[in-house]
Protein chains: 2
Amino acid sequence: MSRDKVSLKMDVDTQTKIKNAARLMFHRKGFAATRTRDIAEEAGINLALLNYYFRSKQKLFDIIMMETMQSFFQAMAVVLNDEQSTFKEKITAIANNYIDLLSVEPEIPLFLMNAVRSNPNVIFEKLPIKQFFLNSVFIKQFDEMVSKGKIVHNDPLQFVVNMLGLIVFPFIARPMVKEVGGLSDIQFDKMMYERRRLIPLWIKFILKTK
Amino acid sequence: MSRDKVSLKMDVDTQTKIKNAARLMFHRKGFAATRTRDIAEEAGINLALLNYYFRSKQKLFDIIMMETMQSFFQAMAVVLNDEQSTFKEKITAIANNYIDLLSVEPEIPLFLMNAVRSNPNVIFEKLPIKQFFLNSVFIKQFDEMVSKGKIVHNDPLQFVVNMLGLIVFPFIARPMVKEVGGLSDIQFDKMMYERRRLIPLWIKFILKTK
DNA sequence: GTCTATAGGGGGATAGAC
DNA sequence: GTCTATCCCCCTATAGAC
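Residues numbered from 1 in each chain as written. Chains lettered and ligands numbered in written order. Predicted model: local features only at pLDDT ≥ 70, side-chain atom pairs only at ≥ 80, totals over all residues. Heavy atoms only, no water.

Some points on the environment of isoleucine 123 of chain B
Residues and elements named next belong to chain B.
Move 1: If you trace the backbone, isoleucine 123 turns up in helix H7 (residues 120-126).
Move 2: Assessed through its relative accessible area of 0%, isoleucine 123 is described here as buried.
Move 3: A sequence separation of 88 residues divides isoleucine 123 from arginine 35, and the C-alpha atoms of the two residues are 23 Å apart.
Move 4: Residues within four places of isoleucine 123 in sequence aside, it is in contact with Met65, Met66, Met69, Ala115 and Val116. (Helix = DSSP H or I, 4+ residues; strand = E, 2+ residues; numbered from the N terminus. Buried < 20%, exposed > 50% of the residue type's maximum accessible area, 1.4 Å probe, protein only. Contact = heavy atoms within 4.5 Å.)

Below, the structure is given as structure tokens:
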């Protein structure tokens, strides 16, 4: 926020320009299929500058990967430990956050799934997702619901897989969904927007099934 | 099936050896990150033979891609147009077929999602998935259920996305699921096996929600 | 059909001028 | 900090012997 540079796109510094271009290309085509020359061109700078700022393609990729991972889990993390909201409200908030995020950046899920497969150790060492999730208020509330008999579906892992599957899978399968449904980009977005409302309802029923 | 060669792995001809190696490598790492040298080594043959049989890496990839796509939709196609089975039985059959297939070859979904994103036109021109799906007995039965008021969820596209999401997503997110749950490969498989039973139940409820 | 050897090009990275 | 020019390795593909 120094020198109020950040607000205007014209004035972004070179390092940021490179990162923005790299994010775009890596998200779209993955590590191996992206050429540093493409990133440089997209950023409107010379290839040498990329190595000047980031040393190597791999290091640049690692930065983008971790930042994207962070922002992806952010959409869930801000909700999970909120002491005020109910379990049900959390589900709605998570669905809304993800659908809003992924409607703007639909490439993120496939990018991340590929990145995790190729670099599981790097990622999970730096982001202790497991601990964060298992110790969250969300899981505490889930367990309470189970012990009170309000929900029957008692495996939190199966539950979170279902929730994320319903939210994230359509974005991963986007080209197929568009093809089978004969949808334009806008129609696809509308379909996803409708799921903001539907997913919490579906999940409510899933939670009552054992 | 000529000369009963097919039955023994030792006797597979060179072309098949190359295809098997290529399938393994492409499924695991995708097109760009796979080197023809790796395929040749995995197949136990010389690099030149790969080009002798398949002309280029791209042509070999296209063959693997189309075959994989075919076998993936096969798991659904054999069920969709069966006149004997009920709608409910079809759902169970599809879940079972996919979970059995993907437990043996968990790399397929991520491979296909990437391949479709990179080559949508090639694929959908050759495989008219949309027509096949929309004209299927399955969809006819779905519409009947809706008109009889037995199910309320009346968008077949939303429905199939949910069904495939519940079935396929865990395999795409496999490394994350294993991490968060602290699961071994065997435990992951057990979890997926349990979903054979659960998914039809969940879907039953989803179909009653609007 | 299968091999060795090598051509040919592409892509990541750096040297060095400005 | 930013550029031009270039190095050099790696990878796909082919030529040609057997």
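Side note on the protein's contact with DNA strand D
Move 1: Asn46 and Tyr53 of chain A together with Arg35, Thr36 and Arg37 of chain B are the nearest of the 16 residues found near DNA strand D.
Move 2: Taking all atoms of DNA strand D within 4 Å of the protein, the share assigned to sugar and phosphate is 56%.
Move 3: Threonine 14 of chain A has a polar side-chain atom sitting 2.9 Å from a phosphate oxygen of DNA strand D.
Move 4: Contributions of two or more residues to the surface near DNA strand D are made by helix H3 (47-54) of chain A together with helix H2 (36-43) and helix H3 (47-54) of chain B.
Move 5: For the surface near DNA strand D, the residue count by class is six nonpolar, six polar and four charged. (Near = heavy atom within 4 Å. Polar contact = N/O pair within 3.5 Å; in protein donor to acceptor, adjacent residues only side chain to side chain. Nonpolar A, V, L, I, M, F, W, Y, C, P; charged D, E, K, R; others polar.)

Focus: the relation of the copies chain A and chain B
Move 1: The operation relating chain A to chain B is a screw motion whose rotation component is 180 degrees, with 0.0 Å of axial translation and a residual RMSD of 0.0 Å. As the rotation angle and translation indicate, the two copies are arranged about a two-fold axis.
Move 2: The share of interface residues of chain A whose copies in chain B are also at the interface is 100%, consistent with both copies meeting through the same surface. (Least-squares fit on C-alpha atoms with pLDDT ≥ 70 in both.)

Remarks on the interface of chain A and chain B
Move 1: Facing 49 residues of chain A, the contacting portion of chain B comprises 49 residues.
Move 2: Both sides together, the interface formed by chain A and chain B hides about 4600 Å², and carbon and sulfur atoms give 75% of it.
Move 3: Applying the counting rule to chain A against chain B returns 13 residue pairs in polar contact (both at pLDDT 80 or more).
Move 4: Counting residues per element, the ones that place at least two in the side of chain A that touches chain B are helix H1 (14-33), helix H6 (108-118), helix H8 (129-134), helix H10 (156-172), helix H11 (174-181) and helix H12 (185-206) of chain A.
Move 5: Considered class by class, the residues forming the side of chain A that touches chain B number 31 nonpolar, nine polar and nine charged. (Buried area = accessible area lost by both parts, 1.4 Å probe.)

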